[in-house]
Protein chains: 2
Amino acid sequence: MSNETEPAPAAHGQPTLKAIADAVGVHVSTVSRALKRDPESPDASKSVRRIHRIAEQMGYRPNLMAAGLRTNRSYTIGVVMPRLTDVVIAQTCEAIEEAATAAGYQILLATPPDEVNAQLQSIQMLASRRIDGLIVSSIHLDRPDMVEEILRAGIPTIAVNRRADGKLHAVTTDDYHGGYLAGEHLVNLGHRRIGIVAGPRHASTAWDRTQGCIEAITSRGIEVDEELIVHTDFEVQGGISGAHRLLNLADPPTAIFAVNDTAAIGVAGAVRDRGLSIPRDISLVGYNDIPLVSQLPVPFTTISSPAAPMGSVALQQLLRGINEGEMSSLKLPVSLIVRASTTVPRQN
Amino acid sequence: MSNETEPAPAAHGQPTLKAIADAVGVHVSTVSRALKRDPESPDASKSVRRIHRIAEQMGYRPNLMAAGLRTNRSYTIGVVMPRLTDVVIAQTCEAIEEAATAAGYQILLATPPDEVNAQLQSIQMLASRRIDGLIVSSIHLDRPDMVEEILRAGIPTIAVNRRADGKLHAVTTDDYHGGYLAGEHLVNLGHRRIGIVAGPRHASTAWDRTQGCIEAITSRGIEVDEELIVHTDFEVQGGISGAHRLLNLADPPTAIFAVNDTAAIGVAGAVRDRGLSIPRDISLVGYNDIPLVSQLPVPFTTISSPAAPMGSVALQQLLRGINEGEMSSLKLPVSLIVRASTTVPRQN
DNA sequence: TTGTAAGCGTTATCAG
DNA sequence: CTGATAACGCTTACAA
């Protein structure tokens, strides 16, 4: 008797398939099927259109948790990105999110500190959400166990920004070549003593840029003293302290390559604080070409690296990994941008 | 006969409660209960410990989608944050994420363009994930329908960064007072013609800072010409074009207040390109005190605003809204940082 | 303390 | 094309 009459109590706020089914007078499975057909299509049946219309009216939003439980697909990508306040990282993150949205995925973001254990813990939490794929931006090169642990989760994973050795695919920019370009530029200008504010050792970005720069210098037959390479962090403060250490040397450099623009800004500040001037006393090369270095009173010579494309390409590769079970590592090209912060060394 | 003997086929990769139950030889419900007791506790029963141990061994990770489906709680917060590449936004986002993680929540991030419809669409997508709460950073002040539409989703929501009128609670910094401090500072130095690079009209941050600055000036009996207020975006380019428009005036300003540091960097670039110098010809006040403006050759006078606290406080309020059904709007204090970019107006 | 069973909202399979 | 039914993995009365 009392059959299919009640408007169906919408569980907890949101209407469900059942609610629509009751409203229309059909079975839930019919609604489910109908809703994944295109109502605009010319061969859409009358009832498909009707179901779409009513669903729309009722403000139906599918419950993706329920769907995911059934299909074993969450359409969710985990992103582990320390240092989000670095413009380059943020650009990459934004690009990942855009590409993911375009592909029908959503982003679960974790921004733990740039430490191995914190990142692994974030990954565990994301794994509990049954993410379909994982993007990790801050692999530590000196901790192969990090990669091991990540792979153990059994989730399609790609590294971005920093590469990983071996089994983990990565989409990066060509940091080695970028470093090479920087070194080559300074050598070509006539510099013979070149300091490197080299960033942290565990980051492949910093490491590769440093090695590339060294290679460019030594391949010209110029020696690179150990003391000319100072390891720091990626922040302004790192640039400041790194510059002071270099300028305190008995035989200080005439040029400094900082492996990222933020540190380069610190270098510039330190140089100024010592009463020296760029580029007259010290030539300076940064890295990344973040938007503001071109607007500084002395615009920086720097390396332009494609942060946003790196993000979208990484997501594309990850999707390939998810859907086709295979992905590739890619290294995106970089280029030298010459501006006012570099010139020939001062003749004493 | 063949009862509870097989090791239980772990559904699709990850072990489930059932798998553990079979391994231990108890029922799933027992496992479920045991796993949410603390095995370290002195009064933890032997079997609780055993179940924890085996779960650990098998690498069990709870399926939060399944749990959420049952409990109607996703332990997930949606964050809609356009302009993630702005350091201030990124700082806020990072703080939200940290606070959320600490509270056992995870972040679903969307970074749509800073447009009403794009943001609303992101919110719809997040709603499908049954997020427990929502944080929106870029309310458009001139679009009250935006707030209406957001509230319609029926999700506990708080605005951050930019306030909203009326029904939507917001955690912001005291932009009006910040603008006031900037204006007051310039007037106190003796400036009478002060230009404002005022950002977009739809952002309460930009708007309030501008209004505060105007109030500070007019309350000293100084008139603010319409032409001295130029609306732009928040980017370097906006600062450049805004500055040029101001400096092209028949009676150009002797000081410029840019409502954010990024635009201020653009202003500084434009001033330099016209052969003028800061602060000799033009005094400049920025806003936010982003890390690098203190390291510039001429460090900026600016307003320091607590971007990270804003994020964590917003999350705390949101949690109150979720758990207790009530939250408050808060306005965090700001302060003036005087550096080298401002001085008394040049005497002609 | 433990097992039983129902149910969260969805999709997939299978009959009609 | 539609309806019935089971299942995804988990939680939670309720009963033993």
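Residues numbered from 1 in each chain as written. Chains lettered and ligands numbered in written order. Predicted model: local features only at pLDDT ≥ 70, side-chain atom pairs only at ≥ 80, totals over all residues. Heavy atoms only, no water.

The name recorded for chain A in an unreviewed UniProt entry is LacI family transcriptional regulator, from Enteractinococcus helveticum.

Caption draft 1: Main features of the pattern of salt bridges. Residue and element names in this part refer to chain A. This structure, assessed with the given rule, holds 40 salt bridges over all chains. Where Asp 132 meets Arg 73, a salt bridge forms, and the shortest distance between an N and an O atom there is 3.7 Å. Note that Asp 132 is positioned in the loop between α6 (116–128) and β3 (133–136) and Arg 73 in the loop between α4 (64–71) and β1 (76–80), a separation of 59 residues in sequence. A salt bridge links Glu 227 to Arg 193; the shortest N-O distance between them is 2.7 Å. Of this pair, Glu 227 sits in the loop between α9 (204–218) and β7 (229–230) while Arg 193 sits in the loop between α8 (175–189) and β6 (194–197), and the two are 34 residues apart along the sequence. Classification of Arg 193 as buried rests on a relative accessible area of 15%. Within the structure, one salt-bridge network assembled from shared partners comprises Arg 193, Asp 225, Glu 227 and Asp 251. (Salt bridge = Lys/Arg side-chain N within 4 Å of Asp/Glu carboxyl O. Helix = DSSP H or I, 4+ residues; strand = E, 2+ residues; numbered from the N terminus. Buried < 20%, exposed > 50% of the residue type's maximum accessible area, 1.4 Å probe, protein only.)

Caption draft 2: Seen up close, the sheet that holds β1 of chain A. The strand order β11(A)-β5(A)-β4(A)-β3(A)-β1(A)-β2(A)-β2(B)-β1(B)-β3(B)-β4(B)-β5(B)-β11(B) describes an open sheet built from twelve strands, whose pairing is mixed. Since the sheet does not close on itself, it has two edges, and those belong to β11 (330–332) of chain A together with β11 (330–332) of chain B, each with one partner. Across this sheet, the average inter-strand angle for adjacent strands is 20 degrees, counted without regard to direction. In terms of strand pairing, strand β4 (residues 157–160) of chain A meets strand β5 (residues 170–173) of chain A through two bridges, oriented parallel. Following the sheet pairing, Ala 159 of chain A is matched in β5 of chain A by Ala 170 of chain A. (Pairing = 2+ DSSP bridges. Axes fitted to C-alpha atoms, helices over the stretch in contact; angles between N-to-C directions.)

Caption draft 3: Expanded view of the side chain of Arg 193 of chain B. Residues and elements named next belong to chain B. Here the side chain of Arg 193 touches Glu 227 through a polar contact of 2.8 Å, side chain to side chain. A polar contact of 2.4 Å, which involves the side chain of Arg 193, links it to the backbone oxygen of Asp 251. The contacts of Arg 193, once residues within four sequence positions are left out, are Asp 225, Glu 227, Leu 228, Leu 249, Asp 251, Pro 252, Pro 253, Thr 254 and Ala 255. (Polar contact = N/O pair within 3.5 Å; in protein donor to acceptor, adjacent residues only side chain to side chain. Contact = heavy atoms within 4.5 Å.)

Caption draft 4: The layout of surface pockets, seen in detail. The volume enclosed by the largest pocket comes to roughly 1,800 Å³. Surrounding the largest pocket, 50 residues form its lining, Arg 130 of chain A together with Tyr 60, Arg 61, Pro 62 and Asn 63 of chain B being those nearest its centre. Of the residues forming the lining of the largest pocket, the biggest block, seven residues, is contributed by helix α4 (residues 64–71) of chain B. For the lining of the largest pocket, the residue count by class is 20 nonpolar, 18 polar and twelve charged. The calculated volume of the second largest pocket comes to roughly 1,500 Å³. As for the second largest pocket, its lining consists of 45 residues, of which Arg 61, Pro 62, Asn 63 and Leu 64 of chain A together with Arg 130 of chain B are closest to the centre. Secondary structure elements with two or more residues in the lining of the second largest pocket: α2 (28–35), α3 (46–58) and α4 of chain A together with α4 and α6 (116–128) of chain B. No other element matches α4 of chain A, which puts seven residues into the lining of the second largest pocket. Residues of the lining of the second largest pocket, tallied by class, amount to 20 nonpolar, 15 polar and ten charged. (1 Å grid on protein atoms, 1.4 Å probe; cavity = no way out; pocket = protein on both sides within 12 Å on 5 of 7 lines; lining within 4 Å. Points joined across faces, edges and corners; volume = space filled by probe spheres on them. Nonpolar A, V, L, I, M, F, W, Y, C, P; charged D, E, K, R; others polar.)

Caption draft 5: A look at the relation of the copies chain B and chain A. Each copy of the sequence occupies a distinct position, and chain B is placed on chain A by a rotation of 180 degrees and an axial shift of 0.0 Å, giving an RMSD of 0.1 Å. Taken together, the rotation and translation relating the two chain copies correspond to the operation of a two-fold axis. Of all interface residues in chain B, 100% are interface residues in chain A too; the two copies therefore contact each other through one and the same surface. (Least-squares fit on C-alpha atoms with pLDDT ≥ 70 in both.)

Caption draft 6: Just the sheet that holds β7 of chain A, in detail. Residue and element names in this part refer to chain A. The four strands lie next to each other as β7-β6-β8-β9, forming an open sheet whose pairing is parallel. Edge positions in the open sheet fall to β7 and β9 (283–285), since each of these has one partner strand only. In this sheet, β9 lies alongside strand β8 (residues 255–258) in parallel orientation, the contact comprising three bridges. Each residue of the ladder has a partner; that of Ile 256, found in β9, is Leu 284. Across the sheet, helix α10 (residues 236–247) lies against β6, β7 and β8, angled at about 150 degrees from β6, the strand it touches most.

Caption draft 7: Spotlight on the packing of aromatic side chains. All names here are of chain B. Per the counting criterion, the structure on display carries four aromatic pairs over all chains. Taking 5.0 Å as the distance between ring centres and 50 degrees as the angle between the ring planes, the aromatic pair formed by Tyr 75 and Tyr 105 counts as tilted. Of this pair, Tyr 75 sits in the loop between α4 and β1 (76–80) while Tyr 105 is found in the loop between α5 (87–102) and β2 (106–110), placing the two residues 30 residues apart along the sequence. For the pair Phe 257 and Tyr 287, a centre-to-centre distance of 6.3 Å together with 45 degrees between the ring planes defines the contact as tilted. In this pair, Phe 257 sits in strand β8 (residues 255–258) while Tyr 287 sits in the loop between β9 (283–285) and β10 (302–304), placing the two residues 30 residues apart along the sequence. The exposure class of Phe 257 is buried, given its relative accessible area of 0%. It is Arg 73 that lies over the ring of Tyr 75; its NZ or CZ is 5.2 Å from the centre. The ring of Tyr 287 has Arg 209 sitting right over it, with the charged end atom 3.9 Å from the ring centre. (Phe/Tyr/Trp six-rings, centres within 6.5 Å; stacked < 30°, edge-to-face > 60°. Lys NZ or Arg CZ within 6 Å of the ring centre and 35° of its normal.)

Caption draft 8: Representation of the interface of chain B and chain A. On the chain A side, the residues contacting the 49 residues of chain B number 49 residues. Roughly 4,900 Å² is buried in total at the junction of chain B and chain A, and carbon and sulfur atoms are behind 56% of that figure. The largest share of the area that chain B buries against chain A comes from Met 65, Arg 129 and Arg 130 of chain B, three residues that together contribute 16% of it. Taken together, the links from chain B to chain A amount to zero salt bridges. The tally of links between chain B and chain A comes to 24 residue pairs in polar contact (both at pLDDT 80 or more). Of all elements in the fold, only α4, α5, β2, α6, α10 (236–247) and α11 (261–273) of chain B reach the threshold of two or more residues within the side of chain B that touches chain A. If one sorts the elements of the side of chain B that touches chain A by residue count, α5 of chain B sits on top with six residues. (Buried area = accessible area lost by both parts, 1.4 Å probe.)

Caption draft 9: Local environment of the environment of Glu 40 of chain A. All names here are of chain A. Assignment of secondary structure puts Glu 40 in the loop between α2 and α3. Overall, the relative accessible area of 66% leaves Glu 40 in the exposed class. Between the C-alpha atom of Glu 40 and that of Leu 109, which follows or precedes it by 69 residues, the distance is 35 Å.

Caption draft 10: Looking closely at helix α12 (residues 307–324) of chain B. Residues and elements named next belong to chain B. Its 18 residues place the ends of α12 26 Å apart at the C-alpha level, agreeing with the 26 Å of an ideal helix rising 1.5 Å per residue. For α12, the set of buried residues is Ala 307, Met 310, Gly 311, Val 313, Ala 314, Leu 315, Gln 317, Leu 318, Leu 319, Gly 321 and Ile 322. Against β1, α5, β3 (133–136), β4 (157–160), β5 (170–173) and β11 lie the buried residues of α12. Remark: Gly 325 follows α12 within two positions and exhibits a positive phi of approximately 75 degrees. (Expected span 1.5 Å × (residues − 1).)

Caption draft 11: Representation of the pairing of β1 of chain A. Residues and elements named next belong to chain A. Most of β1 is tucked away: five of the five residues are buried. In the sheet, β1 pairs with strand β2 (residues 106–110) via five bridges, with the strands oriented parallel. Following the sheet pairing, Thr 76 is matched in β2 by Gln 106. Handedness of the crossover is the feature at issue here: the chain leaves β1, passes through helix α5 (residues 87–102), returns alongside β2, and the resulting connection is right-handed. Taken together, the four bridges between β1 and β3 define a ladder with parallel strand orientation. Opposite Gly 78, over in β3, you have Leu 134 as the bridge partner. (Right-handed = clockwise from strand over helix to strand, strands pointing away.)

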